[in-house]
Amino acid sequence: MEQRSLGFSVFLYASALLLAVLILAPFAWLFIMSISSTTDLISKPLRWWPAQADWSRYRVLTDLTPNTHGAALMSALKNSVLVAAIATLAALAVSVPTGWALSRSRAVNWSLGLVIGTYMLPPVALAVPLYMGLAALDLLNTRFGLAVVYLTILAPFTAWLLKSGFDPIPRDIELAAAIDGARLDQTLRILILPLAAPVIGTAALFAYLLAWDEFFYALLFTSDQRAKTVTVAIADLAGGRVADYGLIATAGVIAALPPVLFGLLMQRTLISGLTTGSVKG
Amino acid sequence: MNGTLTPLRAWLLMLPLLVIMLSVIGWPFVDTLRLSFTDARLVGTGGEYVGLENYRRLFASDAFWRAFRITTVFAVVSVLLEMVLGVLVALLLFQDFRGRNILRALLILPWALPTVVNALLWRLIYNPEYGALNALLLQSGLMEEYRSWLGDPGSALAALIVADAWKNFPLVALISLAALHAVPQAIRAAAIVDGANAFARFRYVILPYLAGPLMVAMVLRTIEAFKVFDIIWVMTRGGPANSTRTLSILVYQEAFSFQRAGSGASLALIITLAVTLLAVAYVAMIRRAAGGKF
Amino acid sequence: MKSKRILIASLLTGTALAQPVLAETTLNALFMAQAAYSEADVRAMTDAFTAANPDIKVNLEFVPYEGLHDKTVLSQGSGSGYDVVLFDVIWPAEYAENNVLVDVTDRITPEMQSGVLPGAWTTVEYGGKRYGMPWILDTKYLFYNKDILAQAGIAEPPKTWAELTEQAKAIKDKGLLEHPIVWSWAQAEAAICDYTTLVSAYGGSFLVDGKPAFQADGGLSALEYMVESYNSGVTNPNSKEYLEEDVRRVFQNGEAAFALNWTYMYNLANNPAESKVAGKVGVVAAPGVDGVSTVSAVNGSMGLGITTTSQHPDEAWSYIVHMTSQPTQNAYAKLSLPIWASSYEDPAVTAGQEELIAAAKVGLAAMYPRPTTPGYQEMSAGLQQAIQTALLGQATPAEALATAAEGGGL
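Conventions adopted
Residues numbered from 1 in each chain as written. Chains lettered and ligands numbered in written order. Predicted model: local features only at pLDDT ≥ 70, side-chain atom pairs only at ≥ 80, totals over all residues. Heavy atoms only, no water. Contact = heavy atoms within 4.5 Å. Buried area = accessible area lost by both parts, 1.4 Å probe. Salt bridge = Lys/Arg side-chain N within 4 Å of Asp/Glu carboxyl O. Polar contact = N/O pair within 3.5 Å; in protein donor to acceptor, adjacent residues only side chain to side chain. Helix = DSSP H or I, 4+ residues; strand = E, 2+ residues; numbered from the N terminus. Nonpolar A, V, L, I, M, F, W, Y, C, P; charged D, E, K, R; others polar. Domains from an automatic or database assignment. Patch = residues over 30% accessible without salt bridge, like charges linked within 9 Å, V, L, I, M, F, W, Y side chains within 5 Å. Areas by Shrake-Rupley, 256 points an atom, 1.4 Å probe, with all protein chains shown as cover. Buried < 20%, exposed > 50% of the residue type's maximum accessible area, 1.4 Å probe, protein only. Phe/Tyr/Trp six-rings, centres within 6.5 Å; stacked < 30°, edge-to-face > 60°. Lys NZ or Arg CZ within 6 Å of the ring centre and 35° of its normal. Axes fitted to C-alpha atoms, helices over the stretch in contact; angles between N-to-C directions. Parallel < 35°, antiparallel > 145°, perpendicular 65-115°, else oblique. Left-handed = near helix turned anticlockwise from the far one by under 90°.

Colleague: Break down the interface of chain B and chain A for me, citing the residues and quoting the values.
Modeller: Listed as interface residues are 95 residues of chain B and, on the opposing side, 98 residues of chain A. Of the roughly 8,700 Å² buried where chain B meets chain A, counting both sides, 79% is carbon and sulfur surface. Scanning the region where chain B abuts chain A turns up 0 salt bridges. Remark: the boundary between chain B and chain A carries 7 residue pairs in polar contact (both at pLDDT 80 or more). Counting residues per element, the side of chain B that touches chain A draws most heavily on helix H1 (residues 7-35) of chain B, at 18 residues. Broken down by class, the residue content of the side of chain B that touches chain A amounts to 71 nonpolar, 12 polar and 12 charged.

Colleague: I'd like to hear about the domain arrangement of chain C, residue by residue, with values.
Modeller: Residues and elements named next belong to chain C. As far as domains go, chain C holds domain 1 (2-138 + 300-363) and domain 2 (141-298 + 375-406). The interface of domain 1 with domain 2 comprises 24 residues on the first partner and 24 residues on the second. At the boundary of domain 1 with domain 2, total buried surface from both sides reaches about 2,000 Å², with 63% on carbon and sulfur atoms. By the criterion of area lost to domain 2, the three top residues of domain 1 are Asp 138, Glu 355 and Leu 356, representing 27% of everything that side buries. Remark: the boundary between domain 1 and domain 2 carries 1 salt bridge. For the salt bridge of Lys 146 with Glu 355, the shortest nitrogen-to-oxygen distance reads 3.0 Å. Run the count over domain 1 and domain 2 and you get 8 residue pairs in polar contact (both at pLDDT 80 or more). Mapped onto the side of domain 1 that touches domain 2, the elements with two or more residues apiece are helix H3 (65-74) and helix H16 (354-365). Here the element with the most residues in the side of domain 1 that touches domain 2 is H16; it accounts for 6 residues.

Colleague: An account of a nonpolar patch on the surface is requested, with residue identities and associated values reported.
Modeller: All names here are of chain A. A contiguous nonpolar patch, built from Leu 257, Leu 261, Leu 265 and Met 266 and spanning about 400 Å² of accessible area, is present on the exposed surface. The residue Met 266 is located in the loop between helix H12 (245-265) and helix H13 (267-280) in this model. Looking at Met 266, the relative accessible area reads 33%, which means it is partly exposed.

Colleague: Break down the packing of aromatic side chains for me, with residues and values.
Modeller: Enumeration according to the criterion identifies 43 aromatic pairs over all chains in this entry. Measuring from centroid to centroid gives 5.7 Å for Trp55(A) and Tyr58(A), while their planes differ by 45°, and the two rings are tilted. Connected via pairs of aromatic rings, a cluster forms that spans Tyr131(A), Phe215(A), Phe216(A), Tyr217(A), Phe221(A), Phe229(B), Trp233(B), Tyr252(B) and Phe256(B). Over the aromatic face of Trp149(B) sits the side chain of Arg147(B), whose NZ or CZ is 4.8 Å from the ring centroid. Between Arg130(C) and the ring centre of Trp121(C), over which it is positioned, the NZ or CZ distance is 4.0 Å.

Colleague: Could you give an account of the interface of chain B and chain C, naming the residues involved and the relevant values?
Modeller: The interface is formed by 35 residues belonging to chain B together with 29 residues belonging to chain C. For chain B, the biggest contributors to the area lost against chain C are Tyr130(B), Ala241(B) and Phe258(B); these three give 21% of the whole. On inspection of chain B and its partner chain C, the count reaches 1 salt bridge. On the surface where chain B and chain C come into contact, there are 15 residue pairs in polar contact (both at pLDDT 80 or more). Taken together, the elements giving at least two residues each to the side of chain B that touches chain C come down to helix H2 (53-59), helix H3 (62-94), helix H12 (247-257) and helix H13 (261-293) of chain B. No other element matches the 6 residues that H12(B) contributes to the side of chain B that touches chain C. Residue composition of the side of chain B that touches chain C, by class: 17 nonpolar, 10 polar and 8 charged.

Colleague: Provide a residue-level description of the packing of helix H4 (residues 69-104) of chain A against H1(B), including the pertinent values.
Modeller: Direction vectors running N to C along H4(A) and H1(B) enclose 135°, while the axes themselves pass 8 Å from each other. By the angle between their directions, the pair H4(A) and H1(B) is classed as oblique. At the point where H4(A) passes H1(B), the crossing takes the left-handed sense. Between H4(A) and H1(B), the contacting residues are Val94(A), Pro97(A), Thr98(A), Trp100(A), Ala101(A) and Leu102(A) on the first element and Ala10(B), Leu13(B), Met14(B), Pro16(B), Leu17(B) and Ile20(B) on the second. Looking at side-chain class alone, the contact of H4(A) with H1(B) contains 11 nonpolar, 1 polar and no charged residues.

Structure (structure tokens):
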């Protein structure tokens, strides 16, 4: 590193501090709102720190008594966990072989563009027929139906990510295995999958976060706690019909916790995944 | 790239994905195309062929052009903001200083926050009577009077853009940061020895390495921004006076609230077309950039 | 699914279905969050029902009012949608045309027929048929802060809308409040309800012979009043992004002298646990216009209906009967007033809210309907935009309403 002037150092640390505040302040405010009393939240001038921390909303929202706010949010969380899990597993199941094929055969290479191209399709361009199709199959308002729809988002993405993950794995071992007479599934299972485990993990994590974040399809295709996901539950709360801002904030904290924790714990994996495609081209 | 799979085997491996894509993407897309030429309703009757009537009405409709304009402004401004902020933050975090690694770790937070929670959070911040932004600006003397950020068409779209940019600039920053690390140390050192100033070093030494990845990030973000629905739905539902009603919100209203599936489908296809054209234009630019035109 | 299997099993073994251990039915019911009965009230009413009918389980789903219509319509494609839905007075036309709700005309008993207020029935009727039971009988009242009026030396709440403006100006001039009136004028149905109240005061009409008529006469005067009130500064400028709950928050925080809102605000704003103005809340029927009307009111009632996709219409009906029954409604009469005529003479209902009951007797009798048309949602969307563009000064009220008269959709 080059020598730095004092002025530049000051500028550097000031910018860093500003960035930290910019990132953290909204999070901090969400959390403070969740533990402030209603009176604090609607006082003027605004109280930036609660007179007394009030954790009661966390109890309210984790209360499982049927037909309460708590039961609604918890069942929505459960639906989100399950729908995202089913969709992620299904997406991996179809995109691992696809990613490998894309990486190892020139014949199918052109279809990569097609796979990525589907990413451009706005959900609104598929929503009406999907709605009618799900209705005909009796899959509206089911977790399974929603998970199938999420495949449209996850599968192209994971296939593309896995392809770039398979590319650097040397081909020699596959050739050797083929000479030894290994079957296709054996080569994939015994040789490739262990080597590709990290990138498969990355793909799974991304797929899960994408599914967790989805809102539009969930809004259209679910109607109650049998399938409604947490994003829709949050939007319902934020719709201007809940008087207690603190309760809205608390629900936000609870819904954000899983992905944000994931993000912090697995950030190396995430960052490598985020930058793989773009930096290597 | 040397292939280790025969074409037949490759196709076999791809079969499951292709089947799924055909059934949950291909078929719905074709069906949307069909619906766009009908007066189908979402549930129940209707579905007569009406030719180009839906498209004709669409292009003659002020609501459509207004939504198109709003969507474009949202996409262009929010992506530009994210790009500029993202690159600046990346340049900052590329420097060596104490606490840098913690800051890099924090950067992932807004990105990991679910979009809907982000929207809820900013809706609370922008609240006209009890929101943190008004309180902050007033108490620090930057503003005389509370403002209605989401209730005023002059500021509602800008407020949405800020909320969107806050969540998404980390993605650009992380991609740029990775690209910065790919700049060979020797080249940077040489530029310093040559006495190039900071701006010249950025322009001629760093930027060429950043251009490719940034372009990819820009394509992804623009497409996402053009499809925007969630954040607007939660924060303004298209109001006030439809000043934040983007194309996706308009499709929702047309196809689902008013149940006019046919005309909703035609609008959805126009969005698809716009996004595709945008992507093609971008890809052409990336190709040119990769050809060393920078 | 489960009940089907039990049904088959019982047929095979020849056991009677009537045995109490068998056949648990689950009903899914859609309600709205806030602006009438609270969620806690709905829950308690439902618990009473399930306690009396242990073989029926009821799942409650609460969505914001803004999502109620779309959720109901979208669940139509689903074989496992809602059994019971709450619907607004403006939707029976569309729901009937699109076969969303079951015609329950024949299920209504003579006792219901004679006991329920005639005005309440209009909530559930379309084309001579009934599509549910009225449940929430509501209109917008004018609430005022007695303390602030006294400080401003105002003895009586306004009798006309012009008087409301004058009183608000007096309060503003005395420096008591910067913006004395608060409304719910967000781009939502709430704004249409405030507008309709004014339309009824000015003697306007929405449709004449099926054609828009709100762009002239009373319909135009109503919007002009709103714009004038907004521009003159007596109206809280944030009204243009407020829903009913925001109005309540501002009013019960003591930051408004006048507010237009539903019944439910009366007892909530009088509750010292969450309100700073408890005990100071006055309520009257919304005012009239000199020479045209003495009071004004919007029909903001809602009903409960059975969806055509319900597998359990009989259980759904018994649930609706329970929810709309006089004992249930009398027991929860604090946030929403009963649909039953004799309840208004029942001391158990009127105790502690005599002022509200007095206002209701005048207001409910004057309720003015929003148009009954299958295309209501689009018309409403167009009007919402007209109201907002006029408030924001992007168009004159006349221009804005003329645009709305041309149509709301694409």
